[in-house]
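# Descriptive structure summary
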Amino acid sequence: MANDLEKEAAARASLRFVKDGQVVGLGTGSTAGHFIRLLGEKVKNGLRIRGIPTSDRSGELALSLGIPLTTLDECQEIDVTVDGADEVDPKLRLIKGGGGAMLREKIVASATRQLVIVADSSKQVPVLGKFPLPVEVIQFARALVAKRIAALGAEVRLRLEADGRPFVTDENHHILDCHFGKILDAEGLSRKLNDMPGLVEHGLFVGMASTVLFARGSEIVELHR
Ligand code: 5RP
């Protein structure tokens, strides 16, 4: 619950990055959900923006709040995106994908001028890797990719739903949660993963976040890259 209050506080602090007339990337997860709800209030009060959601559920939430949406087909330049993260290191490198949306999240982040990450204090870490790295794979290639990632030293687990069936992403892929332990070379690991056929995307976001807003109790700590 304390974490949820921090998540809402961080989301609230990010509102000042959103300006009238902008195209806004809408992240996924509970912290991003707070942001979308708060943005919905601003839209009701007259803020004119268009949102690009990073998941079906964020899109549905935004529409339910009256936030107008656009798509990457219509608009390839996003002014600002507000999204959550599972871990953030001192160089603002991230692990994302705990909510299974990192494929669209990374695409949207790559088209964004300013990526603002909002997070509770538990997400701030000295070194990435305590949180298992989510890797999205084409179902056909799942076992092969799992074997190749295991060869890099990770313990690899297929993400499952509560009923035991594989979790399926918005793009109809599966997710492998990869326990690497401390990731000391995030850039190198990212490159190795990017080179694996059948691997669609992974949750290492390197050099993408421009600002991170951590809430620590009622205080907001702001970091910039
Ligand atoms: C979804 C994500 C989320 O941003 C991340 O999992 C953080 O979630 P939460 O805000 O619920 O703690 O990357 O793919």
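Residues numbered from 1 in each chain as written. Predicted model: local features only at pLDDT ≥ 70, side-chain atom pairs only at ≥ 80, totals over all residues. Heavy atoms only, no water.

### Structural notes on empty space enclosed by the protein
On inspection of all chains with the given rule, the structure shows 1 cavity of 30 Å³ or more. As a volume, the largest cavity reaches approximately 50 Å³. Taken together, Thr-54, Gly-100, Ala-101, Leu-103, Arg-104, Glu-136, Thr-169, Asp-170 and Glu-171 make up the lining of the largest cavity. Tallied by class, residues from the lining of the largest cavity come to 2 nonpolar, 3 polar and 4 charged. (1 Å grid on protein atoms, 1.4 Å probe; cavity = no way out; pocket = protein on both sides within 12 Å on 5 of 7 lines; lining within 4 Å. Points joined across faces, edges and corners; volume = space filled by probe spheres on them. Nonpolar A, V, L, I, M, F, W, Y, C, P; charged D, E, K, R; others polar.)

### Thoughts on the environment of Leu-38
Following the sequence through the fold, Leu-38 ends up in helix H2 (residues 30-44). Relative accessible area serves as the criterion here: at 5%, Leu-38 is assigned to the buried category. Here the alpha-carbon distance between Leu-38 and Glu-155, two residues 117 residues apart in the chain, equals 38 Å. Dropping the residues within four chain positions of it, Leu-38 is found in contact with Glu-8, Ala-11, Arg-12 and Leu-15. (Helix = DSSP H or I, 4+ residues; strand = E, 2+ residues; numbered from the N terminus. Buried < 20%, exposed > 50% of the residue type's maximum accessible area, 1.4 Å probe, protein only. Contact = heavy atoms within 4.5 Å.)

### Here we look at the domain arrangement of the protein
With domains assigned, the protein is organised as domain 1 (2-122 + 206-216) and domain 2 (133-198). Computed over C-alpha atoms only, the centres of domain 1 and domain 2 are separated by 24 Å. Contacts between the two partners involve 13 residues from domain 1, matched on the other side by 14 residues from domain 2. Across the interface of domain 1 and domain 2, roughly 1100 Å² is buried in total on both sides, 56% from carbon and sulfur atoms. Here domain 1 and domain 2 share 3 salt bridges between them. For Arg-104, the salt bridge is made with Glu-171, and the minimal N-O distance between the two is 2.8 Å. At the boundary of domain 1 and domain 2, one finds 5 residue pairs in polar contact (both at pLDDT 80 or more). Broken down by element, the residue count for the side of domain 1 that touches domain 2 peaks at 3 residues, all from helix H4 (residues 102-110). Partitioning the side of domain 1 that touches domain 2 into residue classes produces 4 nonpolar, 5 polar and 4 charged. (Domains from an automatic or database assignment. Buried area = accessible area lost by both parts, 1.4 Å probe. Salt bridge = Lys/Arg side-chain N within 4 Å of Asp/Glu carboxyl O. Polar contact = N/O pair within 3.5 Å; in protein donor to acceptor, adjacent residues only side chain to side chain.)

### Digging into the sheet that holds strand E7 (residues 133-137)
Note on sheets: strands pair through backbone hydrogen bonds, and any given pair is parallel or antiparallel. Strand order in the open sheet made by the 4 strands is E8-E9-E7-E10, with antiparallel pairing throughout. The open sheet has two edge strands with one neighbour each: strand E8 (155-158) and strand E10 (199-202). Averaged over all adjacent pairs, the angle separating strand axes in this sheet is 30°, with direction ignored. Two strands pair when backbone bridges link them, and E8 and strand E9 (residues 174-179) are joined in this way by 4 bridges, in the antiparallel orientation. Of the residues in E9, the one forming a bridge with Arg-157 is Asp-177. Here H4 sits on the sheet in contact with E7, E9 and E10, set at roughly 70° to E10. (Pairing = 2+ DSSP bridges. Axes fitted to C-alpha atoms, helices over the stretch in contact; angles between N-to-C directions.)

### Quick word on the packing of H2 against helix H3 (residues 56-64)
Relative to each other, H2 and H3 sit at 20°, their axes nearing to 9 Å. By the angle class used here, H2 and H3 are roughly parallel. Judged by the twist between their axes, the crossing of H2 over H3 is right-handed. Counted together, Gly-33, Ile-36 and Arg-37 of H2 and Ser-58, Leu-61 and Ala-62 of H3 form the full contact between these two elements. (Parallel < 35°, antiparallel > 145°, perpendicular 65-115°, else oblique. Left-handed = near helix turned anticlockwise from the far one by under 90°.)

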